[in-house]
Amino acid sequence: MTQLRPSIIFSFLTFVAACGTGDADDAGAAGEAATTLAASPTRAVADALPRALVYKTPSCGCCNLWVDHMREAGFEVDARNLNDLIPVKIDAGVPPRMSSCHTALIDGYVVEGHIPAEHVKRLLEERPDVVGIAVPGMPIGSPGMEGIGARPYQVLSWDREGNVEVYAEVDPRR
């Protein structure tokens with residue numbers, strides 16, 4: 001297992017704390033996150049889209065906009081406000097470098113950050129052997145982060161061994 005440098009851990013904790021106050025709001029959320037991942041059945045995208053369980057902070061408006069984006073794309077979303085998302089991210093296996101302001105658990109996958117719904121649907125259809133997909137940070141132009149200055153960004157995937165690959169290239173200017 002790779003040792004994380006203290007500066008990386010501090011950066012991760014500082015980034016995640018930026019969207020919340022740091023106080024736990026739901027002590028069982030982290031355990032529930034792990035249980036949800038383990039218990040999610042496989043289903044075809046042709047069926048109704050699976051429910052998305054989204055953990056976010058109450059003060060992060062861009063998270064609410066991403067939840068709206070997912071609902072508009074046909075997902076049933078259960079959005080849960082927590083003041084401390086770090087236990088959820090750790091239990092879900094989100095590497096610090098993949099972190100964003102919200103974490104979703106969808107049909108056995110982790111969906112971290114402002115990922116376009118079309119790429120979440122592709123993930124559920126293709127069912128690759130990955131833990132999840134992420135848009136690290138909060139890139140301008142991603143769903144929920146629309147605005148002036150949009151730039152291309154990448155959707156990344158990671159597996160249980162920590163290998164990271166580019167899952168999709170996104171250019172919101174098109």
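Just above sits the structure.
The following paragraphs examine the structure supplied in this document. Throughout this description, residue numbers start from 1 for each chain and increase along the sequence as written. The predicted nature of this model means local features are confined to residues of pLDDT at least 70 and side-chain atom pairs, given and counted, to a pLDDT of 80 or more, with totals for whole chains, interfaces and linings taken over all residues. Note: side-chain values were computed over all heavy atoms of the structure, leaving out hydrogens and water.

### Let's talk about helix 3 (residues 61–72)
Inference 1: Over its 12 residues, helix 3 extends 17 Å from the first C-alpha to the last, a length consistent with the 16 Å expected when each residue adds 1.5 Å.
Inference 2: Type-normalised accessible area, obtained with a 1.4 Å probe on protein chains alone, sets the label of each residue: buried when under 20%, exposed when over 50%, and partly exposed for intermediate values. Helix and strand assignments follow DSSP, with helices taken as H or I runs no shorter than four residues and strands as E runs no shorter than two, numbered in order from the N terminus. When helix 3 is considered as a whole, its buried residues turn out to be Cys62, Cys63, Trp66, Val67 and Met70. Projected down its long axis, helix 3 shows its buried positions confined to an angular sector of 145 degrees, all on one face.
Inference 3: In this analysis, two residues are considered to be in contact whenever any of their non-hydrogen atoms come within 4.5 Å of each other. Contacts from the buried residues of helix 3 go to strand 1 (52–56), strand 2 (77–81), strand 3 (103–106), strand 4 (109–113) and helix 5 (117–126).
Inference 4: Once helix 3 ends, the next one or two residues include Gly74, with phi positive near 105 degrees. A helix is expected to span 1.5 Å multiplied by its residue count minus one. What the arc covers is the set of directions going from the helix axis to the C-beta atoms.

### Remarks on the sheet that holds strand 3
Inference 1: Pairing within the open sheet is mixed, and its 7 strands lie in the order 2-1-3-4-5-6-7. The open sheet terminates on both sides in strands that have one partner only, identified here as strand 2 and strand 7 (164–170). Put simply, the sheet's adjacent strands are angled 20 degrees from each other on average, direction ignored.
Inference 2: When DSSP finds two or more bridges between two strands, those strands count as paired. Where strand 1 meets strand 3, 4 bridges bridge the pair, whose relative direction is antiparallel. Following the sheet pairing, Tyr55 is matched in strand 3 by Thr103.
Inference 3: Each of strand 1, strand 2, strand 3 and strand 4 touches helix 3; the most contacted strand, strand 1, lies at about 170 degrees to it.
Inference 4: For helices, the axis comes from a line fit to the C-alpha atoms of the stretch in contact; other axes are also lines fit to C-alpha atoms, and the angle between any two N-to-C directions lies between 0 and 180 degrees. Packed onto the sheet, helix 5 meets strand 3, strand 4, strand 5 (132–135), strand 6 (153–158) and strand 7 and runs at close to 130 degrees relative to strand 7.

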